[in-house]
Amino acid sequence: MARAVATVGYVGLMRPAPGTWGSVAALPLAWAAMQAGPVAFTVLTILILPLGWWATMVATRGAADHDPGEIVIDEVLGQWIALLPLAWGAARAGVPVEALWPGWIAALLLFRLFDIWKPGPVGWMDRRHDAAGVMLDDAVAGVFAAIGVIGLAALAHGAMM
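From a predicted model like this one, the values you see are computed outputs, not experimental measurements.

About the criteria used
Residues numbered from 1 in each chain as written. Predicted model: local features only at pLDDT ≥ 70, side-chain atom pairs only at ≥ 80, totals over all residues. Heavy atoms only, no water. Salt bridge = Lys/Arg side-chain N within 4 Å of Asp/Glu carboxyl O. Helix = DSSP H or I, 4+ residues; strand = E, 2+ residues; numbered from the N terminus. Buried < 20%, exposed > 50% of the residue type's maximum accessible area, 1.4 Å probe, protein only. Core = buried A, V, L, I, M, F, W, Y, C linked by side-chain atoms within 4.5 Å. Contact = heavy atoms within 4.5 Å. Lys, Arg positive; Asp, Glu negative; His and termini not counted.

Brief notes about the pattern of salt bridges
Enumeration according to the criterion identifies six salt bridges in this entry. The salt bridge partner of Asp115 is Arg112, with a shortest N-O separation of 2.7 Å. Of this pair, Asp115 and Arg112 both sit in helix H5 (residues 101-117), three residues apart, which is roughly one turn of that helix. Here Asp115 falls in the buried class, since its relative accessible area comes to 6%. Residue Asp130 pairs with Arg128 through a salt bridge whose shortest N-O separation is 2.9 Å. Residue classification places Arg128 among the partly exposed residues on the basis of a relative accessible area of 42%. When salt bridges with common partners are traced through the structure, they connect Glu75, Arg112, Asp115, Lys118 and Asp137 into a single cluster.

Structure representation (structure tokens):
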């Protein structure tokens with residue numbers, strides 16, 4: 001069970017670029033979760049952290065590699081954090097979340113950028129070399145991406161005025 005969770009239903013076994021596949025797989029899962037509203041989506045996003053931490057600990061127990069590419073539950077966490085502004089923005093605007101499709105693209109691209117680049121705190125978390133680090137580096141990358149999504153939305157809104 002832990003392996004299925006850690007690999008997000010074995011999506012993490014897809015090649016090449018399992019992290020990107022995990023991020024892409026997170027999008028329809030996020031859309032489905034957002035149908036319950038932004039509060040439920042936020043709660044589910046928070047719950048991915050302990051679930052992913054557990055699954056990563058179990059899946060990597062005794063392994064030399066603390067962060068094998070097949071573990072992509074961390075990408076789901078980071079991607080969902082990057083999508084949080086869309087869930088709340090759509091609810092506030094009274095529109096379906098898919099109406100904010102440019103934000104979905106921005107969230108995906110920005111999250112992948114920060115997850116691969118690993119600037120500052122993202123890299124610090126990654127260097128923990130434990131299950132917490134596996135999850136937290138993507139959480140921080142997701143926060144950076146969410147800030148970017150908010151910034152791009154503000155720019156787009158300002159350009160429309």
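What about the nonpolar core?
Counting residues in each nonpolar core, the largest one holds 39 residues, and the members touching the most others are Met34, Phe41, Ile73, Trp80, Leu83 and Trp104. Elements represented by at least two residues in this core include exactly helix H1 (2-6), helix H2 (18-34), helix H3 (38-60), helix H4 (73-93), H5 and helix H7 (131-160). No other element matches the 11 residues that H4 contributes to this core. Excluding residues within four positions of it along the chain, Met34 makes contact with Phe41, Leu83, Ala87, Val97 and Trp104.

With respect to the side chain of Asp138
Structurally, Asp138 is set in helix H7. No salt bridge is formed by the buried Asp138. Its closest oppositely charged neighbour is Lys118, at 5.2 Å. Beyond its immediate chain neighbours, meaning those up to four positions away, Asp138 contacts Asp74, Glu75, Gly78, Phe111 and Asp115.

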